Structures are given as C-alpha cells and as structure tokens.
Amino acid sequence: MGNRYYQQAQQAIQAAHQAMNAAHTPESLEQAYQDIHRAKQALSQAFADSSQAERQQLGQMQDELYNAVEAFSPEDLT
C-alpha cells in the first residue's frame, strides 16, 4: 500500500506498543502516553485519506490499539 498516512499510522501504532511494553519508569510512562496520542492522531488522519480496504485494516489496527491501551496499567510500574 502506497498511502503515506496509512504507513505513518502503522508506524505510530508500533511505536505506541513498544513504548507501552517499555514503560517501567515515570518518564517512560509519559513517553508511552505521548506515543499513544500520536498513534490515535495518525489513525484519524489516515482514515480521512484511505481507500475502503485501508479503512477496514485501519479499523482493525484501531481496535488493537484501544484494547492494548485498555490493558495498559500504570500500576505495573516497578
């Protein structure tokens, strides 16, 4: 897929997942929240400029991100 916004959304979601997995300090927790916010923005932008097939895939990525955010617990900090 050559859609630049779609690719940016994929990368932003991947970065958010990595940041959530690495959130073990208050600083890394803040980074995770920033990456989550960027991923949500990238998804929104990608939806506006995507084909129907891309939108379907973006919807799946959005669901996966929101489920991961739901499961993300700052109390897990050690």
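A brief structural summary. Computed from a predicted structure; not experimentally measured.

What counts as what
- Residue positions are given per chain, counted from 1 along the sequence in the order it is written.
- At least 70 in pLDDT is required for a residue's local features to be given in this predicted model, at least 80 for side-chain atom pairs to be given and counted, and no such filter applies to totals for whole chains, interfaces and linings, which use all residues.
- With hydrogens and water set aside, each side-chain value is computed from the structure's full complement of heavy atoms.
- Here a helix means four or more residues in a row that DSSP labels H or I, a strand means two or more in a row labelled E, and each is numbered from the N terminus.
- Multiplying 1.5 Å by the helix residue count minus one yields the expected span of that helix.
- In this analysis, two residues are considered to be in contact whenever any of their non-hydrogen atoms come within 4.5 Å of each other.
- Throughout this description, a polar contact denotes any pair of N or O atoms lying within 3.5 Å of each other; where both atoms belong to protein, one of them has to be capable of donating a hydrogen while the other can accept it, and for residues adjacent in sequence the pair is counted only when both atoms sit in side chains.
- Put simply, buried Ala, Val, Leu, Ile, Met, Phe, Trp, Tyr and Cys residues joined by side-chain atoms within 4.5 Å make one nonpolar core.
- Relative accessibility under 20% of the residue-type maximum defines a buried residue, over 50% an exposed one, and the middle range a partly exposed one, all with a 1.4 Å probe and only protein chains included.
- Between 30 and 60 degrees the pair is tilted, below 30 it is stacked and above 60 it is edge-to-face, where a pair is any two Phe, Tyr or Trp rings, Trp via its six-membered ring, whose centres lie within 6.5 Å.
- The angle between two axes is taken between their N-to-C directions and runs from 0 to 180 degrees, where each axis is a line fitted to C-alpha atoms and a helix contributes only its stretch in contact.
- Put simply, angles under 35 degrees are roughly parallel, angles over 145 are roughly antiparallel, angles from 65 to 115 are roughly perpendicular, and the rest are oblique.
- In a left-handed crossing the near helix is turned counterclockwise from the far helix by less than a right angle, and in a right-handed crossing that turn is clockwise.
- In the sections that follow, a salt bridge refers to a side-chain nitrogen of Lys or Arg positioned within 4 Å of a carboxyl oxygen of Asp or Glu.

Examining helix α1 (residues 4-21)
Then step 1. With 18 residues, α1 should reach 26 Å at 1.5 Å per residue; the first-to-last C-alpha distance of 26 Å fits that figure.
Then step 2. Where α1 is buried, its residues meet α2 (26-48) and α3 (52-71).
Then step 3. Where α1 begins, the capping side chain belongs to Asn3, and its oxygen is found 2.9 Å from the backbone nitrogen of Tyr5.

Section: the nonpolar core
Then step 1. Residues Leu43, Leu58, Leu65 and Phe72 are the most contacted members of the largest nonpolar core, which totals 19 residues.
Then step 2. Broken down by secondary-structure element, the contributors of at least two residues to this core are α1, α2 and α3.
Then step 3. Contacts of Leu58, omitting those with residues within four sequence positions, involve Tyr6, Ala9, Leu43, Ala46, Phe47 and Ser50.

Let's talk about the packing of aromatic side chains
The geometry of an aromatic ring pair comes down to the distance between the two centres and the angle between the two planes.
Then step 1. Going through the model one piece at a time under the given rule, you end up with one aromatic pair.
Then step 2. Measuring from ring centre to ring centre gives 5.8 Å for Tyr33 and Phe72, while their planes differ by 75°; the resulting arrangement is edge-to-face. Here Tyr33 is found in helix α2, whereas its partner Phe72 is found in the segment after α3, with 39 residues between them in sequence.
Then step 3. For Phe72, a relative accessible area of 16% translates into the label buried.

Focus on α3
Then step 1. Spanning 20 residues, α3 covers 29 Å between terminal C-alpha atoms, matching the ideal 28 Å at 1.5 Å per step.
Then step 2. Taken together, the buried positions of α3 are Glu54, Leu58, Gly59, Met61 and Leu65.
Then step 3. Structurally, α3 contributes buried residues whose contacts are with α1 and α2.

Quick word on the environment of Tyr66
Then step 1. For Tyr66, the position within the fold is in helix α3.
Then step 2. The class of Tyr66 is partly exposed, set by a relative accessible area of 34%.
Then step 3. Spatially, the C-alpha atom of Tyr66 lies 9.1 Å from that of Lys40, the residues being 26 residues apart in sequence.

Quick word on the packing of α2 against α3
Then step 1. Contact geometry of α2 with α3 gives a least axis separation of 10 Å together with a crossing angle of 160°. When the interaxial angle is binned, α2 and α3 end up roughly antiparallel. By crossing handedness, the relation of α2 to α3 is classed as left-handed. On α3, the residues that touch Ile36, Ala39, Lys40, Leu43, Ala46, Phe47 and Ala48 of α2 are Arg55, Leu58, Gly59, Met61, Gln62, Leu65, Tyr66 and Val69.

Re the pattern of salt bridges
Then step 1. A complete count under the given rule lists one salt bridge for this structure.
Then step 2. Note that Asp35 and Arg38 form a salt bridge whose closest N and O atoms lie 2.5 Å from each other. Of this pair, Asp35 and Arg38 both sit in helix α2, three residues apart, roughly one helical turn.
Then step 3. Overall, the relative accessible area of 11% leaves Asp35 in the buried class.

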